[in-house]
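Listed below, chain by chain, are the residues.
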Amino acid sequence: MLEGKGRFLWRAFLILTLAAVVLAYLAPREETLGQSYKLLYLHLPLLYTSTLSLILCPALTLMGLRTKHLYNLGPPAALLGIAFGVGSLLAAELLAVYAWGGTTTSEPRFVASMLIYALFALYIPVYWVGRPGAAAFYALAATALSLYVYYAVVISAPAPFQLHPSGVVMPLAMRLPLLPATLASIALYARLFTALERYWR
């Protein structure tokens with residue numbers, strides 16, 4: 001059953017990735033960023049999947065206080081959330097290099113993301129050494145701190161430079177590849193989650 005599910009997810013990932021690549025190739029050039037903006041088709045889907053995974057982590061941990069199987073899914077959600085998040089940051093760095101000629105390690109979203117991933121990385125040792133209640137409490141605290149960090153660093157104190165300038169407009173033809181790219185990211189996530197689930201079970 002699991003092997004059949006795994007094959008289906010791999011095939012879905014490959015088909016959706018191929019569709020995203022074709023649509024990205026056909027998408028028109030952006031006036032400000034040129035062709036480099038197409039790295040957003042990698043950056044944004046990974047970011048969306050990472051955010052979803054980090055939301056799942058505390059939810060699964062809390063529900064796991066009653067059902068141990070769900071509790072054991074917290075670490076895979078945290079690990080994959082961090083991994084996909086780091087992947088999105090690397091794609092953002094490539095975009096910055098090709099579009100602006102430099103990196104964005106001091107850009108507010110980059111700093112906030114690194115702090116958030118560090119918070120969820122600490123969830124793993126808490127899970128290992130702490131009791132279920134401690135892991136659930138930390139997962140909730142990490143989520144609350146993440147929201148505060150994002151608000152304090154990105155929303156309340158915006159920097160003059162952002163990776164995605166407000167003047168960059170993406171019409172429908174440029175947004176279309178995001179759909180299969182995001183679905184491909186989710187399919188890859190689900191396949192990796194299934195593999196990690198066996199380890200943490």
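Everything that follows concerns the structure shown earlier in this document.
Counting restarts for each chain: residues are numbered from 1 in the order of the written sequence. Since the coordinates come from a predicted model, pLDDT governs what is reported: local features require at least 70, and pairs of side-chain atoms require 80 or more to be given and counted, while whole-chain, interface and lining totals use all residues. Derived side-chain values reflect all non-hydrogen atoms in the structure, with water molecules and hydrogen atoms excluded from consideration.

Draft legend 1. Fine view of the overall build of the protein. Secondary structure is summarised from DSSP: a helix means a run of H or I of at least four residues, a strand means a run of E of at least two, and numbering begins at the N terminus for each. Of the regular secondary structure elements, the protein holds 9 helices and 0 strands. Of the regular secondary structure in the protein, the N- to C-terminal order runs α-α-α-α-α-α-α-α-α. Residues counted as buried form 45% of the 201 residues belonging to the protein. The contact criterion used throughout is that any non-hydrogen atoms of two residues lie within 4.5 Å. Taking contacts inside the protein between residues at least 6 apart in sequence as the whole, the part at least 24 apart equals 79%. Note on classification: 1.4 Å probe, protein chains only; a residue is buried when its accessible area is under 20% of the maximum for its type, exposed when over 50%, partly exposed between these limits.

Draft legend 2. A look at the packing of helix α5 (residues 108-121) against helix α7 (residues 132-155). Taken N-terminus to C-terminus, the directions of α5 and α7 make an angle of 170 degrees; their axes are 9 Å apart at the nearest point. The angle between α5 and α7 falls in the class roughly antiparallel. Contacts between α5 and α7 pair Pro-108, Arg-109, Ala-112, Leu-115, Ile-116, Leu-119 and Phe-120 from the former with Tyr-138, Ala-142, Thr-143, Leu-145, Ser-146, Val-149, Tyr-150, Val-153 and Val-154 from the latter. Polar here means any residue outside two lists: the nonpolar Ala, Val, Leu, Ile, Met, Phe, Trp, Tyr, Cys and Pro, and the charged Asp, Glu, Lys and Arg; Gly therefore counts as polar. A breakdown of the residues in the contact of α5 with α7 according to their chemical character gives 13 nonpolar, 2 polar and 1 charged. Each axis is a line fitted through C-alpha atoms, and for a helix only the stretch in contact is used; angles between axes span 0 to 180 degrees, taken between their N-to-C directions. Angles are sorted into four bins: roughly parallel if under 35 degrees, roughly antiparallel if over 145, roughly perpendicular if 65 to 115, and oblique for all others.

Draft legend 3. Here's a closer look at the nonpolar core. Residues Phe-120, Tyr-123 and Phe-193 are the most contacted members of the largest nonpolar core, which totals 34 residues. At the level of secondary structure, the elements contributing two or more residues to this core comprise α1 (2-26), α2 (40-63), α4 (74-100), α5, α6 (123-129), α7 and α9 (178-200). If we skip the residues at most four places from it in the chain, Tyr-123 touches Cys-57, Thr-61, Gly-74, Pro-75, Ala-78, Ala-135, Tyr-138 and Ala-139. Put simply, buried Ala, Val, Leu, Ile, Met, Phe, Trp, Tyr and Cys residues joined by side-chain atoms within 4.5 Å make one nonpolar core.

Draft legend 4. Summary view of the environment of Leu-9. Here Leu-9 lies in helix α1. For Leu-9, a relative accessible area of 9% translates into the label buried. C-alpha of Leu-9 to C-alpha of Ala-184: the two residues are 175 residues apart in sequence and 9.1 Å apart in space. Contacts of Leu-9, omitting those with residues within four sequence positions, involve Ala-187, Ala-190, Arg-191 and Thr-194.

Draft legend 5. Geometry of the packing of aromatic side chains. Only the six-membered ring of Trp is used, alongside the rings of Phe and Tyr, when aromatic pairs are assigned; centres must lie within 6.5 Å, and planes under 30 degrees apart are stacked while those over 60 apart are edge-to-face, with the rest tilted. A complete count under the given rule lists 7 aromatic pairs for this structure. Taking 6.1 Å as the distance between ring centres and 70 degrees as the angle between the ring planes, the aromatic pair formed by Trp-10 and Phe-13 counts as edge-to-face. Taken together, the residues span about one helical turn, with Trp-10 and Phe-13 both in helix α1 at a distance of 3 residues. Seen in terms of ring centroids, Phe-84 and Tyr-189 are 5.7 Å apart; in terms of plane orientation they differ by 80 degrees. Their pairing is edge-to-face. On the criterion of sequence distance, the pair formed by Phe-84 in helix α4 and Tyr-189 in helix α9 is long-range, its members being 105 residues apart. With respect to burial, Phe-84 and Tyr-189 carry one shared label: buried. By the ring-pair criterion, three or more aromatic residues cluster together here, those being Tyr-71, Tyr-123, Tyr-127 and Trp-128.

Draft legend 6. α7, seen in detail. Given a rise of 1.5 Å per residue, 24 residues ought to cover 34 Å, and the 33 Å separating the end C-alpha atoms of α7 matches this to within 8%. Considered for burial, the residues of α7 that qualify are Ala-135, Ala-136, Tyr-138, Ala-139, Ala-142, Ser-146, Val-149 and Val-154. Those residues of α7 that are buried lie in contact with α2, α3 (68-71), α5 and α6. To estimate the expected span of a helix, subtract one from its residue number and multiply by 1.5 Å.

Draft legend 7. Representation of the environment of Ile-55 within the structure. Here Ile-55 is to be found in helix α2. Along the primary structure Ile-55 and Ala-77 are separated by 22 residues, whereas in three dimensions their C-alpha atoms are 8.5 Å apart.

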